[in-house]
Amino acid sequence: MLLLCGTLAFTACSDDNESNPTLVQPTEFSLFQPAVGSANVDLEKSQTIELTWTIPTFTDFGAPVVPTYVVQVSPTGKFTKEFNRDEKDNTGADYISLDQTFNSPSAAINTESLDQALQQFLGWESAEDVPATLPVTIRAIASIRDASFRDYNPITSSNTVVLNTVPYFIINVAPIVWYMVGNNIGSASWSNNADDAGKGLIPLLPSADEEYDKATGTGIISYTGFMTAGTQFKMIFTPGNWDDQLSFENVKDADAALISDEDGDNHNIGIKKDGYYTISVNTKSKEVTVEAYEKDVKKVFDTMAMPGTHNGWDVESNLMTACESLNGENHMWVAQFNPTEDGAVKFAANKDWADNWGGDTFPYGTGVGGGADIQYVAGSYTVFLNDITGQYFFIANPTEE
């Protein structure tokens with residue numbers, strides 16, 4: 001991701017050749033006006049906003065260095081004090097940084113994340129607090145970072161542009177999702193396409209035992225499944241985009257007997273032993289943990305269904321699709337679910353009620369054997385279930401304009 005070792009080498013030794021590049025501090029770079037121009041962008045009905053900018057020069061004669069870019073937004077048009085999400089008192093703050101980071105001179109800004117940031121910054125507590133339209137001033141910042149997200153050089157800011165938005169009120173923000181991708185993930189090796197959720201991209205799921213920030217959706221998400229020795233993976237935030245990713249460099253207290261740092265600058269997480277693993281991500285701190293799953297996994301199921309009020313509780317219809325084939329043992333299931341009325345549903349394996357999962361929370365939770373009916377709300381969802389842990393998540397599908 002980041003060519004930082006080479007960057008440090010530029011100035012690390014006093015006897016370097018005079019021809020070696022040295023770091024310089026750029027003073028500016030240019031953010032271009034988004035293609036939407038002055039038109040209103042409906043943040044609820046849109047998915048992304050495309051931004052592009054020029055590449056700042058960080059060396060004296062243009063040697064390749066990969067900066068980290070962050071997009072910042074200001075409803076006030078000023079950038080004097082940053083809003084700190086960890087502080088209760090943000091008096092005087094006039095701008096906020098979005099959570100996504102980028103390593104190329106372009107960005108697909110997630111509109112839901114933008115709306116979440118505005119809601120938290122402006123303190124909206126109900127739909128009545130949300131203005132019909134809201135102009136926001138946007139800029140990008142660039143810096144050279146290490147694996148711990150520390151800046152090596154002062155931050156450089158771009159010019160600003162104005163985006164006219166139609167914001168909306170988000171009630172209890174759903175947990176943030178990160179996706180695993182690799183040659184041991186899902187059914188398509190290293191396939192990171194926008195429509196690959198449940199194929200080459202497998203989400204880490206929230207749990208009923210964890211708490212998630214209601215304003216930002218941050219918290220701990222996890223995946224449990226079988227992985228094969230000699231394979232590799234990492235995590236990405238936006239399907240179809242490689243910029244915002246988590247790798248071996250983000251792993252906390254890595255166990256050298258289980259995992260290794262692979263593929264050079266890509267820092268993929270390498271699996272060293274066949275077995276069951278639990279991978280967890282703290283989406284607030286961006287820390288990753290990889291641990292051996294010690295409990296006995298006794299069953300591998302042939303089919304999984306979603307019986308409920310929408311189909312007369314039929315365990316032989318509405319079958320889910322097995323996600324995992326690269327490791328030869330599937331425990332993740334996916335389905336499109338589009339109920340037109342509110343109702344209840346459960347998960348049932350092998351077209352029978354002998355193994356079934358239910359839970360008392362929606363849209364995510366941890367199902368237990370013979371548990372309660374899951375009370376769902378009408379809508380359009382991509383549904384994931386992990387049959388080892390019982391974790392499930394009804395992820396709302398984007399609304400098309």
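So, here's what we can say about the structure.

Brief notes about the overall build of the protein
For step 1, the next point in the chain: Broken down by element type, the protein carries two helices and 28 strands.
For step 2, the next point in the chain: By the burial criterion, 51% of the 401 residues in the protein qualify as buried.
For step 3, the next point in the chain: With an accessible surface of roughly 18,300 Å², the protein has 47% of that area assigned to carbon and sulfur atoms.

A word on unusual backbone geometry
For step 1, the next point in the chain: Across the junction of F362 and P363, the peptide omega takes the value 15°, indicating a cis bond.
For step 2, the next point in the chain: For P363, the location among the structural elements is in the loop between β23 (356–358) and β24 (364–366).
For step 3, the next point in the chain: Positive phi is not limited to glycine here, since N318 has a value of about 55°.
For step 4, the next point in the chain: For N318, the position within the fold is in the loop between β18 (304–305) and β19 (321–322).

Digging into the nonpolar core
For step 1, the next point in the chain: Membership of the largest hydrophobic core comes to 37 residues, with the highest contact counts inside it found for L204, F233, M235, I279 and V288.
For step 2, the next point in the chain: Listed by contribution, the elements that provide at least two residues to this core are β9 (179–182), β11 (220–227), β12 (232–236), β15 (268–271), β16 (275–282), β17 (287–292), β20 (332–337) and β28 (391–396).
For step 3, the next point in the chain: Beyond its immediate sequence surroundings of up to four residues, F233 is in contact with M180, V181, G182, N184, I185, W190, M227, N268, I269, I271 and I279.
For step 4, the next point in the chain: By size, the runner-up hydrophobic cluster in this structure holds 36 residues, among which are L98, L118, Y168 and V173.

Considering helix α2 (residues 111–122)
For step 1, the next point in the chain: In this model, α2 (twelve residues) spans 16 Å end to end at C-alpha, consistent with the 16 Å of a helix rising 1.5 Å per residue.
For step 2, the next point in the chain: Those residues of α2 that sit buried are T111, S113, L114, D115, Q116, A117, L118, Q119, Q120 and F121.
For step 3, the next point in the chain: With a side-chain oxygen positioned 3.0 Å from the backbone nitrogen of E112, the residue opening α2 is N110.
For step 4, the next point in the chain: Phi turns positive one or two residues past the end of α2, at G123, with a value near 70°.

A short note on the sheet that holds β20
For step 1, the next point in the chain: On the basis of which strands lie adjacent, the open sheet formed by five strands has the order β19-β20-β27-β28-β24 and antiparallel pairing. Two strands close off the open sheet at either side, each with one partner strand: β19 and β24.
For step 2, the next point in the chain: Where strand β27 (residues 381–386) and β28 come together, five bridges link them in antiparallel fashion. The partner of L385 across the bridge, within β28, is Y392.

What about the sheet that holds β18?
For step 1, the next point in the chain: The strand order across the open sheet formed by four strands is β18-β22-β23-β25, and the pairing between neighbours is antiparallel. In this open sheet, the two edge strands, each paired with only one partner strand, are β18 and β25 (368–369).
For step 2, the next point in the chain: Bridge analysis of β23 against β25 gives two bridges, and the strand direction is antiparallel. Pairing of G358 across the sheet is with V368, part of β25.

Concerning the environment of I155
For step 1, the next point in the chain: Tracing the backbone through its elements, the reader meets I155 in the loop between β6 (134–143) and β7 (156–157).
For step 2, the next point in the chain: Sequence separation between I155 and Y69 is 86 residues; the distance between their C-alpha atoms is 9.6 Å.

Some words on the pattern of salt bridges
For step 1, the next point in the chain: Per the stated rule, a full pass over the model turns up two salt bridges.
For step 2, the next point in the chain: Two residues, D355 and K299, come together in a salt bridge whose shortest N-O distance is 3.0 Å. A residue pair is termed long-range when its members are at least 10 positions apart, and D355 in the loop between β22 (347–349) and β23 and K299 in the loop between β17 and β18 qualify at 56 residues.

Let's talk about the environment of W242
For step 1, the next point in the chain: For W242, the location among the structural elements is in the loop between β12 and β13 (245–246).
For step 2, the next point in the chain: On the basis of relative accessible area, W242 is assigned to the partly exposed category, the value being 37%.
For step 3, the next point in the chain: Separated by 140 residues in sequence, W242 and F102 have C-alpha atoms that sit 8.5 Å apart.
For step 4, the next point in the chain: Excluding its chain neighbours within four sequence positions, the residues that come into contact with W242 are V181, W190, N192, K234 and I236.

Procedures and definitions
- Residue positions are counted from 1 within each chain, in the order its sequence is given.
- Whole-chain, interface and lining totals are the exception, using all residues; otherwise, since this is a predicted model, local features are given only for residues with pLDDT of at least 70 and side-chain atom pairs are given and counted only at 80 or more.
- Values shown for side chains rest on all heavy atoms present in the structure; no hydrogens or waters enter the calculation.
- By definition, any uninterrupted DSSP run of H or I lasting at least four residues is a helix, any uninterrupted run of E lasting at least two residues is a strand, and each is numbered from the N terminus.
- For every residue, the accessible area (1.4 Å probe, protein chains only) is compared with the maximum for its type, and the residue is labelled buried under 20%, exposed over 50%, or partly exposed between those bounds.
- Here the accessible surface of atoms and residues is derived via Shrake-Rupley with a 1.4 Å probe, and residues count as covered only by protein chains that are part of the display.
- Think of a nonpolar core as a cluster: buried Ala, Val, Leu, Ile, Met, Phe, Trp, Tyr and Cys residues, connected wherever their side-chain atoms sit within 4.5 Å.
- Contacts: residue pairs with any heavy atoms within 4.5 Å of one another.
- One less than the residue count of a helix, multiplied by 1.5 Å, gives the span that helix is expected to have.
- Between N or O atoms, a polar contact is any pair within 3.5 Å; within protein, one atom must be a potential hydrogen donor and the other a potential acceptor, and residues adjacent in sequence are included only when both atoms are from side chains.
- Any two strands are treated as partners once DSSP identifies two or more bridges connecting them.
- We define a salt bridge as a side-chain nitrogen of Lys or Arg found within 4 Å of a carboxyl oxygen belonging to Asp or Glu.

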